[in-house]
Amino acid sequence: MTATYDAIVVGGGHNGLVAAAYLARSGARTVVLEGRHKTGGAATTEAPWPDAPEFSVTRLSYVMSLMPPTIINDLELVRHGYKIYPMGPYYQAFPEGGSIKLYADDAQRNHDEVSKWSKKDADAMPQWDAWLAGLAEVLGPLLLTVPPAIGSRRPRDLADTLRLAWRHRGLDVRTIADVTRLMTMSIADLLDDWFESPQVKGALAVNGVIGTWAGPYEPGTAYVMAHHSIGDVGDGHLGNWGFQEGGMGAVSTAIERAARSHGAEIRTGARVARVIVENGRARGVVLDNGDEIRAQVVVTTLHPRTAFLEHVGADNLPDDFARDIQHWKSRSGVVKINLALAELPDFTADPGSNLQEHHTGSVEMAPTMEYIERAFQDAREGRPAARPFSDGVIPTAFDKTLTPEGTHIMSLFTQWVPDDWNTEPHTEELEAYADRMIDCYNELAPNLKASILHRDIVGPYQMEHEYGLVGGNIFHGELSLEQLFHMRPAPGYADYRTPVTGLYYGSSATHAGGGVCGIPGWQAASAAIADKKAARRAGQLRKLTRRS
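This is a predicted model, so every value here is computed, not measured.

J.: Hey, could you run me through the overall build of the protein in this one?
T.: Across its full length, the protein holds 17 helices and 20 strands. Here the C-alpha radius of gyration of the protein, 23 Å, is about what a compact globule of 548 residues would show, namely 24 Å. Expressed along its principal axes, the backbone C-alpha trace of the protein runs to roughly 85 × 60 × 45 Å. Of all 548 residues assigned to the protein, the portion counted as buried reaches 58%. Long-range pairs, those at least 24 residues apart, make up 71% of the contacts in the protein with a sequence separation of at least 6.

Below, the structure is given as structure tokens:
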């Protein structure tokens, strides 16, 4: 069977749905091909317990922050069900007693909280916040910038590089130095420059290692922190995060509704086997069942190894590009643990299982930098962390749609297990790992273990084989220095175009990828639309030339 469209989008994750919405909005007859039984990719809400279907969890990705207002407004996502509850504070209780809360929007309360551990650090917090805000003025717009092909001598590429330099002509020596330090330093070294309290530094280090195969002492983790600290959820508070009502799957559903409203067709259970390449140009795809679907534009949003080496094939790619994709790093070591709870955690430091402010934000297991580093070193040495790191949240503090009245979901984004655990299920070891993770929290909130009704453990193998996250990496590739900006996913191809004419790339492995932001899908669609307009103008010019 053969069908024909103007545009094909491979992958129905949030980036693929964004790309489809923009392509359909431009007038292109568009189809999305998703291999799983449902759209959303890693931004998915599921009911993982057959004997308790009344409990839903946001199974992989779990919070919103970096989606720009441009996408939200263009696609009218609020009208389609996009509704965010801003999160409460970062919260860490300590084994030695006491706790700390850090707020995105209340400098005075931050000062009061940090003062419990260090007056010096409390006084430094406003300067730290101001420093981050200054960097966000530079890095925030860069998230929406198409990286130039730095080093290329082609006139268009030179012009793009000059435009980028001109846009940042107002930057002074100090700002350039700060950005350079951010890109190259570890989050540990950066925080050592600012703070003295181990408790404060542990809390602030969390965003530097989320989803990353690197401990806090690894160079480049300072940028990972910044990447997660320069967005907001529409409330005007830098670095704020939020819960989507209905879980992260509801974000994908809102984008899917927007795409359908513009005429896009969405197919699930439609796994792509290969991209059709004829004379160096993408002409469509072949599905696993042998069906052909033809189009002049193909946008793929899958991991680069799948998109290029498996679907396109190295024979259809320049040798250096294929080599870059072969060397693309996607290590992770992440394990997602979802818990259904009969009651909220009752922390010794802040007693009570009634809903309190510290339940409304992120409930961390990152008491010190050394604790986080030890968890990483365990995995680097080939064993799962004895005492894992965790970024935990309780979305049901706000969202009552996920569970029955009086019960809750606690979502733990934990690290690390060895980076080769994507090759085997490691089921028993993951159960033991989850036991240890729960024990760590139970030491601080002694009612937690007894309150667990159900638990769901998603390791790197399942992330790769069920959701397409190669290596279990949530970014489709590490946010390391050599894989940022114009290097993402390969030098010379960071503009969301590929070596194959008509094939565009919009996964989280491109610039701005990381987090449910939709920017890669938007940029890939924009590139395809711009090229189509340019081709139309060129065709009209040729007609005029022939007539004259």
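J.: It is not clear to me how the packing of helix α7 (residues 187-194) against helix α8 (residues 198-209) should be interpreted in this structure. Could you clarify?
T.: Each pair of packed helices gets described by two things: the angle between the helix axes and the distance between those axes. Contact geometry of α7 with α8 gives a least axis separation of 10 Å together with a crossing angle of 145 degrees. Between α7 and α8 the crossing geometry is right-handed. Along the contact surface, α7 presents Ile187, Leu191 and Asp192, while α8 presents Lys201, Leu204, Ala205 and Gly208. The class makeup of the residues in the contact of α7 with α8 is four nonpolar, one polar and two charged.

J.: Hey, could you run me through the packing of aromatic side chains in this one?
T.: To describe a pair of aromatic rings, one takes the distance between the centres and the angle between the planes. Counting across every chain of the model gives 16 aromatic pairs. Considering the side-chain rings of tyrosine 91 and phenylalanine 347, the 5.2 Å spacing of their centres and the 75 degrees angle between planes classify their relative orientation as edge-to-face. One end of the pair, tyrosine 91, is in strand β7 (residues 90-93); the other, phenylalanine 347, is in the loop between β15 (334-341) and β16 (362-365), and 256 residues separate them in sequence. Residue phenylalanine 347 is classed as buried on the basis of its relative accessible area of 2%. On the numbers, 5.3 Å between centres and 65 degrees between planes, the contact of phenylalanine 376 with tryptophan 416 is edge-to-face. Linking phenylalanine 376 in helix α13 (residues 369-380) with tryptophan 416 in the loop between β18 (408-415) and α14 (427-444), this pair joins segments that are 40 residues apart in sequence. In terms of burial, phenylalanine 376 and tryptophan 416 fall into one category: buried. Of the aromatic side chains, those joined through ring pairs into one cluster are Trp128, Trp131, Trp194 and Phe195. Looking at arginine 29, its charged tip hangs above the ring of tyrosine 5, at a distance of 4.3 Å from the centre.

J.: I'm lost on the sheet that holds β18 in this one. Help?
T.: Within a sheet, each strand pairs with its neighbour through backbone hydrogen bonds, oriented either parallel or antiparallel. Taken in spatial order, the seven strands of this open sheet run β8-β7-β16-β17-β18-β15-β19, and their pairing is mixed. Only two strands of the sheet have a single partner each, and these edge strands are β8 (99-102) and β19 (452-458). For this sheet the average axis-to-axis angle between neighbouring strands, irrespective of direction, equals 20 degrees. Here four bridges tie β7 to β8, and the two strands are oriented antiparallel to one another. When the sheet's bridge partners are listed, alanine 93 is paired in β8 with serine 99. Where α14 meets the sheet, it contacts β7, β15, β16, β17 (389-393), β18 and β19, and its direction lies at approximately 130 degrees from that of β19.

J.: What should I look at first to understand the nonpolar core in this one?
T.: Counting residues in hydrophobic clusters, the biggest one holds 130 residues, and the most contacted among them are Trp128, Leu182, Leu190, Phe389, Met410 and Trp416. Tallying contributions element by element places helix α4 (residues 119-143) first for this core, with 12 residues. Core analysis: the second largest hydrophobic core is formed by 28 residues, Val272, Val298, Phe321 and Val500 among them.

J.: It is not clear to me how the environment of valine 200 should be interpreted in this structure. Could you clarify?
T.: Its place among the elements puts valine 200 in helix α8. Residue classification places valine 200 among the buried residues on the basis of a relative accessible area of 0%. C-alpha of valine 200 to C-alpha of aspartate 121: the two residues are 79 residues apart in sequence and 7.8 Å apart in space. Excluding anything up to four places from it in sequence, valine 200 contacts Ile100, Val114, Trp117, Asp121 and Phe195.

J.: Help me out: how do you make sense of the sheet that holds strand β12 (residues 281-287) in this one?
T.: Strand order in the open sheet formed by four strands is β1-β13-β12-β11, with mixed pairing between adjacent strands. For this open sheet the edge positions go to β1 (2-4) and β11 (272-278), each flanked by a neighbour on one side alone. Each adjacent strand pair in this sheet contributes to an overall mean axis angle of 25 degrees, direction not counted. Summarising the sheet, β12 and strand β13 (residues 292-294) pair through three bridges and their orientation is antiparallel. Looking across to β13, one finds that valine 285 is bridged to isoleucine 293.

J.: Even after reading the chapter, I still don't get the environment of leucine 139, so can you show me in this structure?
T.: The residue leucine 139 is located in helix α4 in this model. Placed 153 residues apart in sequence, leucine 139 and glutamate 292 show a C-alpha to C-alpha distance of 42 Å. Dropping the residues within four chain positions of it, leucine 139 is found in contact with Leu182, Met183, Ala226 and Ile230.

J.: Hey, could you run me through the pairing of β12 in this one?
T.: Strand residues, when the strand is regular, have side chains that alternate between the two faces of the sheet. The element β12 is extensively covered by neighbouring structure, given that five of its seven residues are classed as buried. Pairing of β11 with β12 involves six bridges; the strand directions are antiparallel. Opposite valine 272, over in β12, you have leucine 287 as the bridge partner. Count of turn residues in the β12/β13 antiparallel hairpin: four residues, of which glycine 290 carries a positive phi of about 95 degrees.

J.: Looking at this structure, how should I read α13?
T.: Turn by turn, an α-helix covers 3.6 residues, leaving residues three or four places apart pointing in a common direction. For α13, built from 12 residues, the straight-helix expectation of 16 Å at 1.5 Å per residue is met to within 8% by its first-to-last C-alpha distance of 16 Å. The buried fraction of α13 is high, at nine of 12 residues. Of the residues one or two after α13, glycine 382 is the one with positive phi, at around 100 degrees.

Cut-offs and rules
Residues numbered from 1 in each chain as written. Predicted model: local features only at pLDDT ≥ 70, side-chain atom pairs only at ≥ 80, totals over all residues. Heavy atoms only, no water. Helix = DSSP H or I, 4+ residues; strand = E, 2+ residues; numbered from the N terminus. Rg over C-alpha atoms; globule rule 2.2 N^0.38 Å. Buried < 20%, exposed > 50% of the residue type's maximum accessible area, 1.4 Å probe, protein only. Contact = heavy atoms within 4.5 Å. Axes fitted to C-alpha atoms, helices over the stretch in contact; angles between N-to-C directions. Left-handed = near helix turned anticlockwise from the far one by under 90°. Nonpolar A, V, L, I, M, F, W, Y, C, P; charged D, E, K, R; others polar. Phe/Tyr/Trp six-rings, centres within 6.5 Å; stacked < 30°, edge-to-face > 60°. Lys NZ or Arg CZ within 6 Å of the ring centre and 35° of its normal. Pairing = 2+ DSSP bridges. Core = buried A, V, L, I, M, F, W, Y, C linked by side-chain atoms within 4.5 Å. Expected span 1.5 Å × (residues − 1).

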